[in-house]
Amino acid sequence: MSEERSFGELLEESLVTIYSNQVVEGTVIGVKDSEIILNIGYKADGILTKDEYSSNPDIDLTKVVKVDDKLTVKVLKVNDGEGQVLLTYKRLQQDKMNKIFEEALENHEVLTGTVSAALKGGLSVDYGEGKVFIPASLVSDVYEKDLSKYTGQEIEFVLSEVNPRKRRIIGDRKQLIVAKKKEQQEALFARIEPGMMVEGTVKNLTDFGAFIDLGGADGLLHISEMSWGRVDDPKKLFKVGDHVSAMIKDISGSRIALTMKLESNNPWKNAAEKYQKDTVVTGKVARMTDFGAFVELEEGIDALLHVSQIAIEHVEKPSDVFTVGQEITAKIVDFNEEAKKISLSIKALELENKKREAADAEAEAKADSEETASDDAADAVAEAEDATGDLE
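Residues numbered from 1 in each chain as written. Predicted model: local features only at pLDDT ≥ 70, side-chain atom pairs only at ≥ 80, totals over all residues. Heavy atoms only, no water.

A.B. asks: It is not clear to me how the side chain of Asn266 should be interpreted in this structure. Could you clarify?
C.D. replies: With respect to the secondary-structure elements, Asn266 resides in the loop between strand S15 (255–259) and helix H6 (271–274). Side-chain polar atoms of Asn266 contact the backbone nitrogen of Trp268, separated by 3.0 Å. (Helix = DSSP H or I, 4+ residues; strand = E, 2+ residues; numbered from the N terminus. Polar contact = N/O pair within 3.5 Å; in protein donor to acceptor, adjacent residues only side chain to side chain.)

A.B. asks: How should I be thinking about the packing of aromatic side chains in this particular structure?
C.D. replies: The geometry of two aromatic rings is summed up by the distance between their centres and the angle between their planes. One pass over the full model with this rule turns up five aromatic pairs. Seen from their ring centres, Phe101 and Tyr127 are 5.9 Å apart, and the 40° between their planes marks the pair as tilted. Here Phe101, found in helix H4 (residues 90–107), pairs with Tyr127, found in strand S7 (residues 122–127); they are 26 residues apart in sequence, far enough to count as distant. Its guanidinium or amino end placed over the ring of Phe294, Arg287 lies 4.5 Å from that ring's centre, counting from NZ or CZ. (Phe/Tyr/Trp six-rings, centres within 6.5 Å; stacked < 30°, edge-to-face > 60°. Lys NZ or Arg CZ within 6 Å of the ring centre and 35° of its normal.)

A.B. asks: Could you clarify how one ought to interpret the nonpolar core in this entry?
C.D. replies: Nonpolar side chains in soluble globular proteins generally cluster together in the buried interior. Grouped together as the largest cluster of nonpolar side chains are 22 residues, with contacts concentrated most on Tyr275, Leu297, Leu305, Phe322, Ile342 and Leu344. Elements supplying a minimum of two residues to this core: strand S16 (280–289), strand S17 (292–298), strand S18 (301–306), strand S19 (327–336) and strand S20 (341–345). (Core = buried A, V, L, I, M, F, W, Y, C linked by side-chain atoms within 4.5 Å. Buried < 20%, exposed > 50% of the residue type's maximum accessible area, 1.4 Å probe, protein only.)

A.B. asks: Please clarify how the pattern of salt bridges should be interpreted in this entry.
C.D. replies: Pairing is possible between side chains of opposite charge, provided their charged atoms come close. For the coordinates displayed, the defined rule picks out 17 salt bridges. Here Lys32 and Glu35 are joined by a salt bridge, their closest N and O atoms 3.7 Å apart. Accessibility expressed as a relative area gives 44% for Lys32, which makes it partly exposed. The buried category is assigned to Glu35, whose relative accessible area is 19%. Shared partners join several salt bridges into a network, and the residues in it are Asp278, Lys331 and Glu352. (Salt bridge = Lys/Arg side-chain N within 4 Å of Asp/Glu carboxyl O.)

A.B. asks: So what exactly am I meant to see when it comes to H4 here?
C.D. replies: Count 3.6 residues to each turn of an α-helix, and residues three or four apart come out pointing the same way. Here H4 contains 18 residues, and its C-alpha end-to-end distance of 25 Å stays within 8% of the 26 Å for a straight helix at 1.5 Å per residue. Turning to H4, its buried residues number three or more, namely Leu92, Gln93, Met97, Asn98, Phe101 and Ala104. A positive backbone phi angle near 55° is found at His108, which sits one or two residues after H4. (Expected span 1.5 Å × (residues − 1).)

A.B. asks: Please explain the sheet that holds strand S3 (residues 46–49) as it appears in this structure.
C.D. replies: With respect to topology, five strands assemble into a closed barrel ordered S1-S2-S3-S5-S4, the strand pairing being mixed. Between one strand and the next, the sheet's axes are offset by a mean angle of 55°, whatever the strand orientation. Pairing between S3 and strand S5 (residues 85–88): two bridges, direction parallel. Counted as the bridge partner of Ile47 is Leu86 from S5. Here H4 sits on the sheet and contacts strand S1 (23–31), strand S4 (70–77) and S5; the angle it forms with S4, its principal contact strand, is near 100°. (Pairing = 2+ DSSP bridges. Axes fitted to C-alpha atoms, helices over the stretch in contact; angles between N-to-C directions. Contact = heavy atoms within 4.5 Å.)

A.B. asks: Is there a simple way to think about the sheet that holds S15 in this case?
C.D. replies: Within a sheet, neighbouring strands are paired by backbone hydrogen bonds and run either parallel or antiparallel to one another. The five strands are arranged S11-S12-S13-S15-S14 in a closed barrel whose pairing can be described as mixed. Sheet twist, expressed as the mean angle between neighbouring strand axes with direction ignored, is 55°. Looking at chain direction, strand S13 (residues 218–222) and S15 are connected through three bridges and run parallel. When the sheet's bridge partners are listed, Gly219 is paired in S15 with Ile256.

A.B. asks: Even after reading the chapter, I still don't get the pairing of strand S11 (residues 197–205), so can you show me in this structure?
C.D. replies: Every regular strand shows the same layout, with side chains that alternate between the two sheet faces. Relative to strand S14 (residues 243–252), S11 runs antiparallel, the two sharing five bridges. Note on S14: the bridge partner recorded for Gly200 is Val244. Two strands pair when backbone bridges link them, and S11 and strand S12 (residues 209–213) are joined in this way by four bridges, in the antiparallel orientation. Across the sheet, the residue bridging to Asn204 is Phe211, located in S12. Taking the residues between adjacent antiparallel strands as the criterion, S11 and S12 are bridged by three residues.

Rendered as structure tokens:
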């Protein structure tokens, strides 16, 4: 007959044998602020500290885990010095993520994660239970001065390096942006041609024009093509982010030239009817030179008032008489539609006024003379009648 074994021996046989790096499943039997206690079927309980559960220092263990929950963990130490088994949940999850990252790197898979923090040198991105670092140089295809705007955003990226031993999981967002823009550029150039109207967004402003994002490529709207009128500063017409509609003037390789000077809004279209010779017009002094003043009759149509035509008396230079923005009235003395030139004269109006005044004065004098002669005749007739009466 076999010897009767003690309860302790039977219990010892029922317990599992564990070793370091072994993956085991345990049942939560207690949760504290700093640790989780698990029954892992061993003679000692397993201890899962807060640091080994998550990398998040602000996590509240009492809210994410409760008694009787099942957790799969890895054994770090069979005996932590106090007879307890030290466990890790975080590292096991990281091992799983490392495998996922290695496969994603090999397959060039596009991943989507959430930016958890904007660091000095790049972005920290959460992907599943893992962390990916995207260097600032790989965040975009353009220099990003402020990375904080990405915090909390979901972004796409590919992996460029996976080195679990050095804990280097490096992401690359720039690669996707460049590829997408190339695709958009090819699609854009395949459908556009000179003379076509396109819409875009003002991306950048310079002294010589505006760069318009057409969705795949930028078009240049030169300052001379912004209006039929004179434009001194593009920033007075546009601001970054404005939505604009323009026509493709020319395509040269990857360069797209735009214009907003369309035939439909060409002010010279009906100019021959509106500005015939001898027509009196009103306009504003737009700019001046020593030889004359340029007068804006309407946006896109300027006329020259030569210094010799400013007044009957001698004028040394236009700035002695006018100021920019001053409204003047003058007569059109020449219209050249082909050369798009109009000549004005205030002097001609003054001479006409003088002639009119002289004619009016002459007419008035003549009328006064005729009235005097008529009065004299009437007096003579009256005297004659009086004389006849005396004779009778």
